[in-house]
Amino acid sequence: MATQAKRPRVSGGRGVQPFPPRLTPSFAEPSACAPSAPSRGSRAPLRSSPPPPKARSALAPRSPAVPSGLSGGRTWSLRALISGGGARGRRRPGSCGLLPELVPAGGAGAESQERVALQSQSGWVPLLLALLHELQAPASRWRPYFALWPELGRLEHPMFCFQEPLEEEEDEKEPNSPMMVPAADILNHLANHNANLEYSANCLRMVATQPIPKGHEIFNTYGQMANWQLIHMYGFVEPYPDNTDDTADIQMVTVREAALQGTKTEAERLLVYERWDFLCKLEMVGEEGAFVIGREEVLTEEELTTTLKVLCMPAEEFRELKDQDGEGDDKREEGSLTITNIPKLKASWRQLLQNSVLLTLQTYATDLKTDQGLLSNKEVYAKLSWREQQALQVRYGQKMILHQLLELTS
């Protein structure tokens, strides 16, 4: 079975909500900035938050999730559900307010399929609609919170949403509804953060992870996220080389294409496809999967190691492995795909990996030298739109990782 990536390929599970860029910095007060140990006596152990989404398999496609579409062209309204309060009940003083229930404007008889269409499995769709409703409500209790957002009309600011994690034995139950935690999104994100959010059954705490001098900005972490994840989820990136969690992808089918380029006869091409089918059977590769390369490690080490080994092994050895249905492939290449050990790989492995990197680099519209020119020319860079600048940073970081890999395989 294919192992999961060590870090999440895509965020979108509990703990975070995709609204973009940075808020006004939050600075340290002199009394509350020393690192803190978890408090004793809590009912449940504190965990680092935002809780990381479950890591996706390397086989999982990277396309962003799209909420269910709205059906039927109906007019919709929102009705707040308050304990014992009915459709027009008031929110309890001091509470954030419960999520509104989604109801067709035509009344209870019109709910059925339309109501189901608005309910997403994660709970984000009703939460976002509730947010839009509150934005337009003059008497909304959320208005002081919205006032903290600069340029609110752009809707490009991070909003932290907390979804209470299920206990392990409750994993098969419906996920808990997400809740708004306004104070949690005040802090900006850095890979090299100095604070994080911890939570127990009864409270959330923002805890310093290192001493923070007075007047210095406090940085939270939104998780170990590559720049493409940050731009997708939050609308900002960390310029190279600040994001130590950045990654680059090599599509699995690109490695197959590189292997096919090395064939000379039809028999050799058929053998490559046979090896590929075998890897698919082992669940090491897939048509929409990707090998994930980090700055210091290969996150999909088992998948890439197995793929290089099977595609490069002698035909006789492959026949023996296939006859054993993969069970004889238990020998592990010690440290074979740590970044520093890539030059020690077998020559055939390095050649296949190098060709795969070259094919990947060809998929970009610009080369590394062009991007370096844009970044170094401050006048030209300033003329780019904000989104163009962020996109440039994303692809530049990816290309730097790929070029590092190219050098290691040469």
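Since we're looking at a predicted model, the values are computed, not measured.

1. Things to note about the overall build of the chain
Scanning the chain from N- to C-terminus turns up twelve helices and eleven strands. Considering only contacts within the chain whose residues lie at least 6 apart along the sequence, 73% involve residues at least 24 apart.

2. Some details on helix α7 (residues 301-312)
Between its first and last C-alpha atoms α7 spans 16 Å; for twelve residues at 1.5 Å apiece the expected length is 16 Å, and the two agree. By the criterion of burial, α7 is predominantly enclosed, with ten of the twelve residues buried. Taken residue by residue, α7 has E301, E303, L304, T305, T306, T307, L308, K309, V310 and L311 as its buried positions.

3. Regarding the packing of aromatic side chains
One pass over the structure, following the stated rule, counts seven aromatic pairs. For the ring pair W142 and Y145, a centre distance of 5.8 Å and an interplane angle of 65° mean the geometry is edge-to-face. For W142, a relative accessible area of 10% translates into the label buried. For Y145, a relative accessible area of 8% corresponds to the buried category. When the ring of Y222 is compared with that of Y234, the centres are 4.4 Å apart and the planes differ by 40°; the resulting orientation is tilted. Residue Y222 is found in the loop between β9 (219-220) and α4 (227-233), and its partner Y234 is found in the loop between α4 and β10 (247-251); the two are separated by twelve residues along the sequence. When its relative accessible area of 6% is taken as the criterion, Y222 is described as buried. Through pairs of rings, three or more aromatic residues link up here, namely W142, Y145 and F146. Above the plane of the ring of W276 lies R256, whose end atom (NZ or CZ) is 5.1 Å from the centre.

4. What to know about the pattern of salt bridges
Across all of its chains, the model carries seven salt bridges by this definition. Between R319 and E274 there is a salt bridge, with its nearest N and O atoms 2.4 Å apart. Residue R319 is located in helix α8 (residues 315-323), and its partner E274 is located in helix α6 (residues 266-281); the two are separated by 45 residues in the primary sequence. The closest approach of N and O atoms between E274 and K322, which form a salt bridge, is 2.7 Å.

5. Observations regarding a negative patch on the surface
Together, E316, E317, E320 and D323 make up a region of like negative charge exposed at the surface. By the element assignment, E317 lies in helix α8.

6. So, the confidence of the model for the chain
Residue-level pLDDT values for the chain average 74, and 61% of them are 70 or greater. Predicted confidence is poor over residues 30-57, with pLDDT under 50, and the contacts of this stretch with residues over four places away or in other chains come to 71 contacts.

7. A look at unusual backbone geometry
One can expect most non-glycine residues to show negative phi and most peptide bonds to be in trans. Residue P241 is bonded to the preceding Y240 through a cis peptide linkage, with omega at 5°. With a phi close to 60°, E283 is a non-glycine residue in the positive phi region. By the element assignment, E283 lies in the loop between α6 and β11 (290-294). Of the residues examined, E283 reaches a relative accessible area of 34% and is grouped as partly exposed.

8. Topic: the nonpolar core
Buried together is how nonpolar side chains tend to be arranged in soluble globular proteins. Grouped together as the largest cluster of nonpolar side chains are 39 residues, with contacts concentrated most on I250, I293 and L304. Secondary structure elements with two or more residues in this core: β10, α5 (252-261), α6, β11, α7, α8, α9 (347-361) and α12 (386-409). At six residues, the largest contribution of residues to this core is made by α9. Here I250 is in contact with V255, A290, F291, I293, L353, S356, V357, T360, L402 and L405, once residues within four sequence places are set aside. With eight residues, the next largest nonpolar core counts L131, W142, Y145 and M180 among its residues.

9. Things to note about the packing of helix α10 (residues 368-376) against α12
It is the contact of α10 with α12, at a shortest axis distance of 10 Å, that shows an interaxial angle of 135°. Judged by the angle between their axes, α10 and α12 are oblique. α12 is crossed by α10, and the crossing has left-handed handedness. For the pair α10 and α12, contact is made by L368, D371, Q372, L374 and L375 and by L392, Q393, R395, Y396, K399, M400 and H403, respectively. Tallied by class, residues from the contact of α10 with α12 come to six nonpolar, three polar and three charged.

10. Thoughts on helix α2 (residues 124-135)
With twelve residues, α2 should cover 16 Å at 1.5 Å per step; its first-to-last C-alpha distance of 16 Å lies within 8% of that length. Residues W124, V125, P126, L127, A130, L131 and E134 constitute the buried set of α2.

11. Describing the pairing of β11
Judged by how many residues are buried, β11 sits mostly within the fold: five of five residues are covered. The alternating pattern of β11 places A290, V292 and G294 and F291 and I293 on opposite faces, both of which are buried. Bridge count for β10 against β11 is five bridges, and the pairing is antiparallel. The residue bridging I250 from the neighbouring strand is F291, located in β11.

12. Things to note about the environment of L352
Its location among the elements puts L352 in helix α9. In the structure, L352 is positioned 93 residues away from A259 in sequence and 6.5 Å away in space, judged by C-alpha atoms. The contact partners of L352, leaving out residues within four places of it in the chain, are V255, A258, A259, L308, L311 and C312.

13. A word on the environment of R269
Among the structural elements, R269 can be located in helix α6. Judged by its relative accessible area of 31%, R269 falls in the partly exposed class. Sequence separation of R269 and A259 is ten residues, and the distance between their C-alpha atoms is 8.7 Å. Contacts of R269, omitting those with residues within four sequence positions, involve L260 and T263.

How each quantity is defined
- Residues numbered from 1 in each chain as written.
- Predicted model: local features only at pLDDT ≥ 70, side-chain atom pairs only at ≥ 80, totals over all residues.
- Heavy atoms only, no water.
- Helix = DSSP H or I, 4+ residues; strand = E, 2+ residues; numbered from the N terminus.
- Contact = heavy atoms within 4.5 Å.
- Expected span 1.5 Å × (residues − 1).
- Buried < 20%, exposed > 50% of the residue type's maximum accessible area, 1.4 Å probe, protein only.
- Phe/Tyr/Trp six-rings, centres within 6.5 Å; stacked < 30°, edge-to-face > 60°.
- Lys NZ or Arg CZ within 6 Å of the ring centre and 35° of its normal.
- Salt bridge = Lys/Arg side-chain N within 4 Å of Asp/Glu carboxyl O.
- Patch = residues over 30% accessible without salt bridge, like charges linked within 9 Å, V, L, I, M, F, W, Y side chains within 5 Å.
- Areas by Shrake-Rupley, 256 points an atom, 1.4 Å probe, with all protein chains shown as cover.
- Lys, Arg positive; Asp, Glu negative; His and termini not counted.
- Charge placed at Lys NZ, Arg CZ, Asp CG, Glu CD.
- pLDDT = per-residue confidence, 0-100.
- Core = buried A, V, L, I, M, F, W, Y, C linked by side-chain atoms within 4.5 Å.
- Axes fitted to C-alpha atoms, helices over the stretch in contact; angles between N-to-C directions.
- Parallel < 35°, antiparallel > 145°, perpendicular 65-115°, else oblique.
- Left-handed = near helix turned anticlockwise from the far one by under 90°.
- Nonpolar A, V, L, I, M, F, W, Y, C, P; charged D, E, K, R; others polar.
- Pairing = 2+ DSSP bridges.

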